[in-house]
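# What the coordinates show
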Amino acid sequence: MNQSNTLPDDALAYPAPDGLPIDRPRSSGFVLQKIDVPAALAVLDSFLEEDEAEQRETFEYLKHALNETRAAQGERLLFPNE
C-alpha cells in the first residue's frame, strides 16, 4: 500500500507534528482524528451527572441503613430527619 504523505488542502486533514496528515496510520497502527470537543464534553458531563446521582442514592441508602442499625441497638440516630 503506497500512499503519499500529503492530502488535499481541506479542513479535514492537516499535518500532524510528525509530518504525516492527521488521518494517515502511524507506525503504532493508530490514526489521529480530530475530536469534536463540545460533544466529548457533553458526554463527560452526562457521565458526571450519572455518577453524582448514583453517589447521592448510595449515600441515602447508607444513612438509612446506619440509622436502622443504630435504632435496633438502641443507640441515638445519626440522621434524625430520616
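Residues numbered from 1 in each chain as written. Predicted model: local features only at pLDDT ≥ 70, side-chain atom pairs only at ≥ 80, totals over all residues. Heavy atoms only, no water.

Helix and strand counts for the protein chain stand at one helix and zero strands. Contacts in the protein chain between residues at least 24 apart in sequence constitute 0% of all its contacts with a sequence separation of at least 6. In the structure as shown, the protein chain presents an accessible area of about 7,100 Å², 58% of it carried by carbon and sulfur atoms. (Helix = DSSP H or I, 4+ residues; strand = E, 2+ residues; numbered from the N terminus. Contact = heavy atoms within 4.5 Å. Areas by Shrake-Rupley, 256 points an atom, 1.4 Å probe, with all protein chains shown as cover.)

Tracing the chain through its elements places N67 in helix α1 (residues 37-72). By relative accessible area, N67 is classed as buried at 6%. There is a polar contact of 3.2 Å between the side chain of N67 and the backbone nitrogen of L78. (Buried < 20%, exposed > 50% of the residue type's maximum accessible area, 1.4 Å probe, protein only. Polar contact = N/O pair within 3.5 Å; in protein donor to acceptor, adjacent residues only side chain to side chain.)

A surface patch of nonpolar side chains, about 590 Å² in accessible area, is lined by I35, V37, L41, V43, L44 and F47. By secondary structure assignment, the location of L41 is in helix α1. (Patch = residues over 30% accessible without salt bridge, like charges linked within 9 Å, V, L, I, M, F, W, Y side chains within 5 Å. Salt bridge = Lys/Arg side-chain N within 4 Å of Asp/Glu carboxyl O.)

Moving on, we get to the packing of aromatic side chains. Counted according to the given criterion, the structure contains one aromatic pair. Ring geometry for F59 and F79: centres 6.3 Å apart, planes at 80°, overall edge-to-face. Separated by 20 residues along the polypeptide, F59 in helix α1 and F79 in the segment after α1 bring together distant segments of the chain. On the accessibility criterion, F79 (28% relative accessible area) is partly exposed. (Phe/Tyr/Trp six-rings, centres within 6.5 Å; stacked < 30°, edge-to-face > 60°.)

This structure, assessed with the given rule, holds two salt bridges. The partner of K63 in a salt bridge is E60, and the shortest N-O contact between them spans 3.4 Å. Of the two residues, K63 and E60 are both situated in helix α1; the distance of three residues between them amounts to about one turn of the helix. The exposure class assigned to K63 is buried, which follows from its relative accessible area of 11%. Taking the shortest distance from any N to any O, the salt bridge between E75 and R70 comes out at 3.3 Å. Looking at E75, the relative accessible area reads 36%, which means it is partly exposed.

Right, let's talk about the environment of L66 for a bit. Along the chain, L66 falls in helix α1. On the accessibility criterion, L66 (34% relative accessible area) is partly exposed. Setting aside chain neighbours within four positions, we find L66 in contact with L78 and F79.

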